[in-house]
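# Analysis of the macromolecular model
The primary structure of each chain is shown beneath.
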Amino acid sequence: MELLDDSLVPAHARERKRAARRFAAEEIEPVAADYHASGAYPWDVLEAAMGAGFVAQHIDEAHGGRGDDLSTLLAITEEFFRVDAGIALTIQLAGFGCDMLERYGTDDQQRQYLRPVAENSQLSGLAVSEPETGSDLAGMSTEATKVDGGYRLSGEKYWVGNAVEADWLTVYAKTSDREDRYSNYSLFVVETDREGYHAEHVPEKIGMRASKQGHIVLQDCFVPEANLIGTEGGGFYMLAEFFNTGRVVVGGHGLGLAAAAIEEAEAFVDQREAFGRTVSEFQAVQHTIADMRLRFESARALVWRACQKVEAGENPGYWAALAKTEATETAVFCAERSMQLHGGRSIFADRRISRVYRDVRIPVIYEGANEIQRNLIYRHRP
Ligand SMILES: Cc1cc2nc3c(=O)[nH]c(=O)nc-3n(C[C@H](O)[C@H](O)[C@H](O)COP(=O)(O)OP(=O)(O)OC[C@H]3O[C@@H](n4cnc5c(N)ncnc54)[C@H](O)[C@@H]3O)c2cc1C
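Per chain, the residues get numbers from 1 upward, laid out in the order the sequence is written. With the structure being a predicted model, the display of local features is reserved for residues of pLDDT at least 70 and the display and counting of side-chain atom pairs for 80 or more, all residues being used for whole-chain, interface and lining totals. Hydrogens and waters are ignored; side-chain quantities use all the structure's heavy atoms.

## Some thoughts on the site of the ligand
Note on definitions. A residue lies near a molecule or strand when any single heavy atom of the residue is within 4 Å of it. Every one of the 20 residues lining the ligand counts as a neighbour, but V128, S129, S135, W159 and E371 are closest to it. Whenever two N or O atoms come within 3.5 Å, that pair is a polar contact, provided that in protein one can donate a hydrogen and the other can accept it, and provided that, for residues adjacent in sequence, both atoms are side-chain atoms. Here a nitrogen atom of the ligand and a backbone polar atom of L126 are 2.9 Å apart. G161 places a polar main-chain atom, nitrogen or oxygen, 3.0 Å from an oxygen atom of the ligand. Taken together, the elements giving at least two residues each to the shell around the ligand come down to strand 1 (126-127), strand 3 (150-161) and helix 11 (370-380). To qualify as a helix, a DSSP run of H or I must reach at least 4 residues; to qualify as a strand, a run of E must reach at least 2; elements of each kind are numbered from the N terminus.

Laid out in structure tokens, this is it:
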């Protein structure tokens with residue numbers, strides 16, 4: 001039975017999942033190793049993904065997208081991350097930061113910023129993390145100071161997907177210094193060609209090399225009042241709400257990566273010989289494969305259950321954190337076990353398993369390190 005089978009996927013998402021699998025096989029797989037080696041931005045694959053309807057299509061039809069729901073997004077995500085996490089992340093982040101604008105933006109903002117992303121003529125991004133602060137969302141220091149007609153933003157952002165490539169970003173900045181530290185932040189649309197906006201790529205990474213993140217310096221960067229998203233002081237809460245869906249999707253990152261690790265392990269031990277037999281004939285090896293499958297099937301059932309819960313609005317913070325944590329740690333477990341089963345060949349740089357092994361280190365950190373997810377699981381437990 002194939003690992004990412006349809007049975008957990010709602011019927012309405014299955015055709016998109018099949019299309020995603022075809023796209024990944026035809027457009028991502030043939031170039032994945034090369035992009036991993038070069039660390040270049042995969043513009044051609046991104047453009048092909050736009051043509052095939054896989055970029056920013058969670059945006060509603062009213063704004064030019066397809067209105068893909070969370071289940072559809074998750075179904076596509078596990079297929080793409082199975083084939084290559086770096087390219088998959090680039091495809092996914094091309095519409096990052098749009099959710100808050102879709103939910104809380106004005107009609108003008110949606111026309112000016114959301115629609116071009118949905119129609120794939122612009123790229124967006126979400127700038128929250130900073131060089132000195134990542135996990136503590138209420139401890140960020142980039143400031144937006146109220147001035148005549150708008151705000152001036154000063155500070156630094158780090159790790160921002162598409163900071164260099166995007167047309168505009170949703171930027172998280174401090175607008176007050178109240179005792180309630182969660183009410184001090186706001187979200188702004190910041191166009192990347194504004195005066196005072198400078199961005200460069202962060203240093204080369206070991207994993208997800210076909211995705212690019214940037215270091216942004218904002219120096220008195222003026223944005224008009226019309227660029228404030230929702231209400232001033234509501235940034236933390238808008239972000240927390242977005243993370244409930246984002247973390248289910250990151251669960252899909254973990255599932256795709258775990259599936260890749262298991263596929264590589266099973267294929268290798270079935271053909272490798274030692275002591276006059278194939279390696280898969282040793283019971284210890286069979287148990288390792290069994291453990292990987294146990295973890296994978298449990299994580300996948302949990303992620304799809306979490307997806308239903310989040311879509312239904314039932315304690316979403318709890319379910320999203322469970323899904324993200326379990327699936328991303330399953331990917332780490334499966335990649336590590338798969339490396340061991342590959343013996344010395346595991347460390348050849350051009351092997352798919354060594355790419356997966358590097359990539360799995362990342363989803364346990366982004367969208368909130370798993371320690372933060374455990375805090376949320378405990379806090380929101382029913
Ligand atoms: C490839 C990649 C892409 C990214 N894309 C984006 C993006 O597009 N936009 C964006 O804004 N950010 C992005 N990020 C940033 C990411 O969200 C942060 O790296 C993450 O939130 C962790 O922040 P940090 O790295 O500053 O770690 P820190 O906050 O410095 O934490 C370091 C470690 O300390 C421990 N720790 C911290 N707090 C606690 C706690 N309360 N309890 C227990 N342990 C704790 C954890 O082990 C944690 O991993 C990206 C990161 C990567 C690697």
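## Topic: helix 1 (residues 11-38)
Each full turn of the α-helix corresponds to 3.6 residues, which orients residues three or four apart in the same direction. With 28 residues, helix 1 ought to run about 40 Å at 1.5 Å a step, and its terminal C-alpha atoms sit 38 Å apart, in line with that. A maximum bend of about 50° is found in helix 1 at A32. Only protein chains enter the calculation, and the probe is 1.4 Å; a residue is then buried if its accessible area is under 20% of its type maximum, exposed if over 50%, and partly exposed in between. Residues A13, R16, K17, A20, F23, A24, I28, A32, Y35 and H36 constitute the buried set of helix 1. To estimate the expected span of a helix, count its residues, drop one, and scale the result by 1.5 Å. Working definition for bend: take the seven residues up to and ending at a residue and the seven starting at it, fit an axis to each, and measure the angle between the axes.

## Description of the packing of aromatic side chains
A pair of Phe, Tyr and Trp rings is counted when the ring centres sit within 6.5 Å of each other, with Trp represented by its six-membered ring. The angle between the planes then sorts it: under 30 degrees is stacked, over 60 is edge-to-face, the rest tilted. As enumerated under the stated definition, the model contains 14 aromatic pairs in all. When the centroid spacing of 5.6 Å and the interplanar angle of 55° are considered together, the rings of F23 and F54 count as tilted. Remark: F54 occurs in the loop between helix 2 (43-51) and helix 3 (70-83) and F23 occurs in helix 1; sequence separation between them is 31 residues. On the accessibility criterion, F23 (6% relative accessible area) is buried. Assessed through its relative accessible area of 10%, F54 is described here as buried. Seen from their ring centres, F275 and F282 are 6.2 Å apart, and the 90° between their planes marks the pair as edge-to-face. The class for F282 is partly exposed, based on a relative accessible area of 24%. The structure contains a cluster of three or more aromatic residues connected by ring pairs, namely F23, F54 and F80. Comment: the charge-over-ring label is applied if NZ (Lys) or CZ (Arg) is within 6 Å of the ring centre and within 35 degrees of the ring normal. The ring of Y151 carries K146 above its face, with NZ or CZ at 4.9 Å from the centroid. The residue whose ring lies beneath R181 is Y182, and the NZ or CZ to ring-centre distance is 5.9 Å.

## Examining the state of the cysteines
When the sulfur atoms of two cysteines come within 2.5 Å, that pair is taken as a disulfide. The tally for this structure, following the rule as stated, stands at zero disulfides. You can see C221 has no disulfide; the closest cysteine sulfur is in C98, sitting 18 Å from it. Judged by its relative accessible area of 0%, C221 falls in the buried class.

## Here we look at the nonpolar core
Here, nonpolar core means buried Ala, Val, Leu, Ile, Met, Phe, Trp, Tyr and Cys residues that are tied together by side-chain atoms lying within 4.5 Å of each other. Ranked by internal contacts, the top residues of the largest apolar core, which has 119 residues, are I28, F80, I91, L153, Y172 and F188. Per element, the largest residue contribution to this core is 17 residues, and it comes from helix 7 (residues 235-271). Discounting residues that sit within four places of it in the chain, I28 has contacts with F23, V45, F80, V83, D84, I87 and I91. Residues are treated as being in contact if the distance between any of their heavy atoms lies within 4.5 Å.

## Remarks on the environment of G150
Considering the arrangement of structural elements, one finds G150 in strand 3. Sequence separation between G150 and G139 is 11 residues, and the spatial gap between their C-alpha atoms is 23 Å. Excluding anything up to four places from it in sequence, G150 contacts T145, F222, V223, P224 and E225.

## Description of unusual backbone geometry
Residues other than glycine seldom take positive phi values, yet A56 does so here, at roughly 60°. Along the polypeptide, A56 turns up in the loop between helix 2 and helix 3. Residue N162 is not a glycine yet carries a positive backbone phi of 65°. With respect to the helices, strands and loops of the structure, N162 is situated in the loop between strand 3 and strand 4 (168-174).

## Notes on empty space enclosed by the protein
Grid points spaced at 1 Å over the protein atoms alone were grouped into cavities, where a 1.4 Å probe fits but cannot get out, and pockets, open sets with protein on both sides within 12 Å along at least five of seven lines, with lining residues defined by an atom within 4 Å of a point. Grid points are joined across faces, edges and corners, and a volume is the space filled by probe spheres set on the points. The final tally for this structure, using the stated rule, is three cavities of 30 Å³ or more. In this structure, the largest cavity occupies an estimated 60 Å³ of space. Around the largest cavity, the lining residues are G39, H201, V202, P203, E204, K205, R209, S211, K212 and Q213. Think of it as three bins: nonpolar holds Ala, Val, Leu, Ile, Met, Phe, Trp, Tyr, Cys and Pro, charged holds Asp, Glu, Lys and Arg, and polar takes everything else, Gly as well. Residues belonging to the lining of the largest cavity are distributed by class as follows: two nonpolar, four polar and four charged. Within this model, the second largest cavity holds a volume of roughly 40 Å³. Together, F81, R82, V83, D84, A85, L257, R352, R355, V356 and D359 line the second largest cavity.

## Examining the packing of helix 9 (residues 316-341) against helix 10 (residues 352-359)
Two measures define how a pair of helices packs: the angle their axes make with one another and the distance between the axes. Where helix 9 meets helix 10, the closest approach of the two axes is 9 Å, and the angle between their N-to-C directions is 145°. The handedness of the crossing between helix 9 and helix 10 is left-handed. Between helix 9 and helix 10, the contacting residues are A335, E336, S338 and M339 on the first element and I353, S354, V356 and Y357 on the second. Residues of the contact of helix 9 with helix 10, tallied by class, amount to five nonpolar, two polar and one charged. Axis geometry follows a simple rule: fit a line to the C-alpha atoms, using only the stretch in contact for helices, then measure angles between N-to-C directions, giving values from 0 to 180 degrees. Crossing handedness: left-handed means the near helix sits turned counterclockwise from the far one by under a right angle, and right-handed means the same turn made clockwise.

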